[in-house]
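Read off the chains here:
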Amino acid sequence: MTTTALFSIGILLTLCSGLVTLIASRRNTLAQVVLMGGSLCMGYVAMQTFVTGEMLVLPAFFVMKSLEAFFVLLIALGSFLAAVFAYGYLPRYRDEFPARRVNSAMSLFVVGMYAVVLATSLPVFLVAWELMSVSAYFLIIADRSPASLSAGLFYFIMTHIGLSCLLAGFGIFAQGSFLGSWEVLRAHAETLSLPWLTTGLLLLFAGFGSKAGLVPLHGWLPHAHPQAPSHASALLSGVMLPVAFFGFVRVLQIVPGVPFSVALVILFCGLLSAVFGALYATTEHDVKKLLAYSSIEHMGLIFAALASILLLGSVGFTVSAVTTGLVFFIGIHIVNHFFFKVGLFFSYGAVTSEIHTRNLDDMGGLAQTWPRFSAVVLLLSLAAAALPPTGVFLGEWALVQSLVLVMMSQVPLVVSIVALAVLSVVGLSAGLALFAAIKMFSVSFLGRARTEHSAHAGALPLTLTLPPLACALGVVMSGLVVGPFLSGEMKGVVLLAEGVLVDMWLVAGMLTVFALVGFFIQRMGRGVRVTDTWDCGAPLTPRMQYTATGFAAPIRFFFRTILGSRKHMHVEPVTSTNTWIARRTLTWEIRSFWEDALYSRIVNVLHRISEWVRRIQNGVVQLYILVVIITLILTTIIAL
Amino acid sequence: MILAFNLVSVLLCAPLMVGCVRFFKARLQNRRGAPVYIPYLQLLSLLKKEETITRHSSWVFRVVPLVVFATALFLALGIPTVFAVVPESVGNVFVLAGVLALGSAFLVMGGMDTASTFGNMGSSREMTLATLIEPSVFVSVAALSLLTGATTLGAIAQVPVSMTTAGPILLVVLGLIYVVLLENARYPVDNPATHLELTMVHEAMLLEYSGPSLALLEYASAIKLAVLGTLPLALLLPWSVASSFENITISVMVFLFKIVVAALGIALIETAVVKMRFYRMQEYTGIAYLISVAGVIALLAL
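It should be emphasised that the depicted structure is a prediction, and the values quoted were computed from it without experimental measurement.

Participant: What's the story with the overall build of chain A in this structure? I'm lost.
Facilitator: The helix and strand inventory of chain A stands at 26 helices and 5 strands. Computed over C-alpha atoms, the radius of gyration of chain A comes to 26 Å, within 12% of the 26 Å expected from 2.2 N^0.38 for 640 residues, which places it in the range of a compact globule. When the backbone C-alpha atoms are referred to their principal axes, chain A occupies close to 90 × 75 × 65 Å. Expressed as a percentage of the 640 residues in chain A, the buried residues total 56%. When contacts within chain A are restricted to residue pairs at least 6 apart in sequence, those whose partners lie at least 24 apart make up 79%. Entry remark: accessible area of chain A is about 26,300 Å², with carbon and sulfur atoms responsible for 69%. Computed over 35 positive and 26 negative side-chain charges, the inter-centroid distance for chain A is 6 Å.

Participant: Can you walk me through the confidence of the model for chain A in this structure?
Facilitator: Any segment with low pLDDT has predicted coordinates that should not be analysed in fine detail. Residues and elements named next belong to chain A. Taken over all residues, the pLDDT of chain A has a mean of 87, while the share at 70 or more is 96%. When pLDDT is averaged over each helix and strand of chain A, the minimum, 45, is found for helix α20 (residues 493-497) and the maximum, 94, for helix α15 (residues 371-384). Across residues 487-498, confidence stays below pLDDT 50; counting only partners more than four residues off in sequence or on other chains, it has 17 contacts.

Participant: Is there a simple way to think about the packing of aromatic side chains in this case?
Facilitator: Centre-to-centre distance and the angle between the planes together describe a pair of aromatic rings. Residue and element names in this part refer to chain B. Inspection of the entire model under this criterion finds 42 aromatic pairs over all chains. Pairing Phe94 with Phe138 gives two aromatic rings, centres 5.7 Å apart and planes at 70 degrees, and the pair type is edge-to-face. In this pair, Phe94 is assigned in helix α4 (residues 93-112) and Phe138 in helix α5 (residues 117-148), connecting sequence segments 44 residues apart. Side by side, Phe94 and Phe138 carry an identical accessibility label, which is buried.

Participant: Can you help me understand the nonpolar core in this one?
Facilitator: When a protein is soluble and globular, its nonpolar side chains tend to lie buried together. One finds Phe109, Phe170, Phe245, Met407 and Phe445 of chain A to be the most contacted residues of the largest nonpolar core, which totals 330 residues. A per-element tally of this core places helix α13 (residues 320-355) of chain A first, with 19 residues. Residues in contact with Met407 of chain A, not counting those within four places in the same chain, are Ser416, Ala419, Leu420 and Leu423 of chain A together with Ala142, Leu146, Val296 and Leu300 of chain B.

Participant: Explain the environment of Gln401 of chain A here, please?
Facilitator: Inspection of the secondary structure puts Gln401 of chain A in helix α16 (residues 391-408). Linking Gln401 of chain A and Gly325 of chain A, residues 76 residues apart in sequence, is a C-alpha distance of 7.9 Å. Here Asn92 of chain B takes part through its side chain, which lies 3.3 Å from a polar atom of the side chain of Gln401 of chain A.

Participant: Explain unusual backbone geometry here, please?
Facilitator: Negative phi is the rule for most residues except glycine; trans is the rule for most peptide bonds. With omega at 5 degrees, the peptide bond leading from Pro388 of chain A into Pro389 of chain A counts as cis. Phi is positive for Ala386 of chain A, close to 55 degrees, though the residue is something other than glycine. Along the chain, Ala386 of chain A turns up in the loop between α15 and α16. Look at Ala386 of chain A and you get buried, because its relative accessible area is 13%. You will see that Ala115 of chain B, though not glycine, has its phi angle at about 60 degrees, which is positive. Topologically, Ala115 of chain B is positioned in the loop between α4 and α5. Of the residues examined, Ala115 of chain B reaches a relative accessible area of 1% and is grouped as buried.

Scoring rules and cut-offs
- As a convention, each chain's residues are numbered from 1 in the sequence order in which they are written.
- To read the labels, note that chains go from A and ligands from 1, taken in the order they are written.
- Where totals are concerned, whole chains, interfaces and linings use all residues; where local detail is concerned, this predicted model gives features only for residues with pLDDT of at least 70, and gives and counts side-chain atom pairs only at 80 or more.
- With hydrogens and water set aside, each side-chain value is computed from the structure's full complement of heavy atoms.
- Secondary structure follows DSSP: runs of H or I at least 4 residues long count as helices, runs of E at least 2 residues long count as strands, and numbering of each begins at the N terminus.
- Each radius of gyration is computed over the set of C-alpha atoms, and the globule rule expresses the reference value as 2.2 Å times the number of residues to the power 0.38.
- Here the term buried applies to any residue with accessible area under 20% of the maximum for its type, exposed to any over 50%, and partly exposed to those in between, with areas from a 1.4 Å probe on protein chains only.
- Contacts were defined at the residue level, with two residues in contact if any of their heavy atoms lie within 4.5 Å.
- Here the accessible surface of atoms and residues is derived via Shrake-Rupley with a 1.4 Å probe, and residues count as covered only by protein chains that are part of the display.
- Positive charge is attributed to Lys and Arg, negative charge to Asp and Glu, and no charge count is given to His or to the chain ends.
- For the purpose of locating charges, the reference atoms are NZ of Lys, CZ of Arg, CG of Asp and CD of Glu.
- The predictor's confidence in any single residue is recorded as pLDDT, a number from 0 to 100.
- Pairing of aromatic rings covers Phe, Tyr and Trp, the last through its six-membered ring, and needs centres within 6.5 Å; plane angles under 30 degrees mean stacked, over 60 mean edge-to-face, and all others mean tilted.
- To qualify as a nonpolar core, a set must consist of buried Ala, Val, Leu, Ile, Met, Phe, Trp, Tyr and Cys residues joined through side-chain atoms within 4.5 Å.
- Polar contact is the term for a pair of N or O atoms within 3.5 Å; when the atoms are in protein, one must be able to donate a hydrogen and the other to accept it, and sequence-neighboring residues count only if both atoms are side-chain atoms.

Next comes the structure, spelled out in structure tokens:
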């Protein structure tokens, strides 16, 4: 069978998985199996293209080269894992997430992402982009709850502001004609003057950046991602955000060069996202929101690395090891972020389906109920914290090592200081990410169960635990395998030779050997006795443990100027004689800095404008006709 | 061979440093002080004891001492102490920083897996401190790279000490001392001598551990203290780290000398300085960061 035929079958099967649920009612199983088949076909095609490195021309204006193959592989792997997970997950939510609705939106969503990556011309790209965005909207509002609907509306508005930025930006590059292929756009872009180039690039960055969840256009993400069913959240975070990043890389392929100012803006937004995403993740107690914020952080890091490459390019600095190191970081971090984020969304989706809450403050003690599953989640959390021996550590290690290499080579002092600033910010966000990940795991899995649901969690079916296990293996193996793989196959010898890669086998091996030594020392004692926790004589209750909220209290204190938590005690006297007898209600919330400082202000301005506009809309038909005539005259004048 | 010798000498000398700190501190506070070999006896007696484990803990509680111990040994292998020879990937500065964070993370999990507010409190604080110090760790590690011109600490013996480089080196070393004091839970960040909930961080997390597990954790923190405590001295006196097997007795003597000097320094700090309030730690970490940044900029401007 030829690859093109296989590709067509893959796309058709993915589409069919949606159709199957629509036609045959309650056929979730069939739909997921069909989706798995489609993903396998696409994955095979992408793998072949990636390994051989040949260009593959596909039907319906699609072309796949190794860069596209990388992302197609990511989408295929994501949809495969999601299908396996949904096989066991969706039947648990028969009422909230009807299989018809979710599966049909899912199949369009996956096809939309394939098309975004493979499109060879602007119109196809834009249609695919819209297909992806709109089907994502239906995934977000899948349970039709008020919270989902409002989050969905927020997302819908933001994604269309993003789309209009894209249209405007591409409009500048295409010089009015939206029907050209990328080559036509590239030819146009070379004739643009610097101000137009800058404006176009900034608009496109805003469009793709808002989709990728970069601060300050990230507002929708922490509301929208958690509302979708968990396997959809996983794809939204782990796959759709990298696809948005890919969109921006596509833009970089059509522009002749990126001006210094644009690169600086991207760097700034990337670093801002890295810090803010991580900071909000530390204080969050809704586990899916925590993961969504963590996605913002990691996309910020990826964009910051991209901006560093662009900045170094624009000042004429070319040390191969640094650029290779940064590119290596971007590539491996996209893969690793995919693995651990998808794995964690799956894991906590499974947890939530069993104990019916997303609130970390109500979990606890799960490691005693599910010892093997907790090991999987521990590995994924270590990856989210970027700790050795996971591949995420290797990626972030390449990032900081490249920055230090910039400082170590003979560059102007300013460049070194920028590198130092980036290094510091990456350090801060790494520290906060460590906090968030360790908090998430230890509050939910360690200690004692805080609620009845958490104490009596039942067994998890294999389809819910296998996909996270696959992700955990992926995130560990990516660190170990990548070194030999790169040095052998992909001419990454530079990386090893110039010290831009560590031998993770050695690191992991050493740690294991030392831990084994510790294991034998631990056995030297006179046995083990199980007792109660030391309690000063008064029995402890699960409520006495630190919650996720309490655990993060010091961070909230140290960052209080940015986080701006609001605490309000409402005291209502019960009797008039004694003021001390009163009913007290404590409301406490973390304010979102950006929603207060940016979004609500814009909303206020819009409200005021619409109040003003409403005066014209007073029911007098003559006035409406006057407005229409004035508009016509104005349009004619402008057009002529 | 050299590596093994390095590791073994650190393992043998680590409890000595803890004993020295306690002894000097006692002397400075007009007490007689226990003999310096007491920590060895403590560890040995812990090894012989029965271990108690709370019923509210999981397998993670048992694994924590192993991982913490492993990270400490890793640091001992990767940071030059007696000889300036370290294995390539293990001795990379950022790998060492990552392994250090791995140790803290597991210690935190140990404190969280006890269902006791005491351990939880220590964990929350330790995690916060690890987060706040992270930028300083990154910057001072970058400073070490710039100073030695290499990405491993094996090149530490080649640090050029002269009149012009003395200033930047001093700044880097000062920043490093701030980081080291925090990472080892010493004054003014933490008080290793008390079991009072207001002051403790590190000890609170260890509270539920007993027997061999406690021995592993105590030993790990002693190793960390010996390895990281002598690192600033090695930067100031680059000749103190030998590069070959010749004059082995002198090298070992120099290492013992560094341990004693570092212990004396820590004892002096702990006698002269008051422990800072936990909610003022942003000042401490802020100063640590600024000093490290100043050190790096001074190095770059050279």
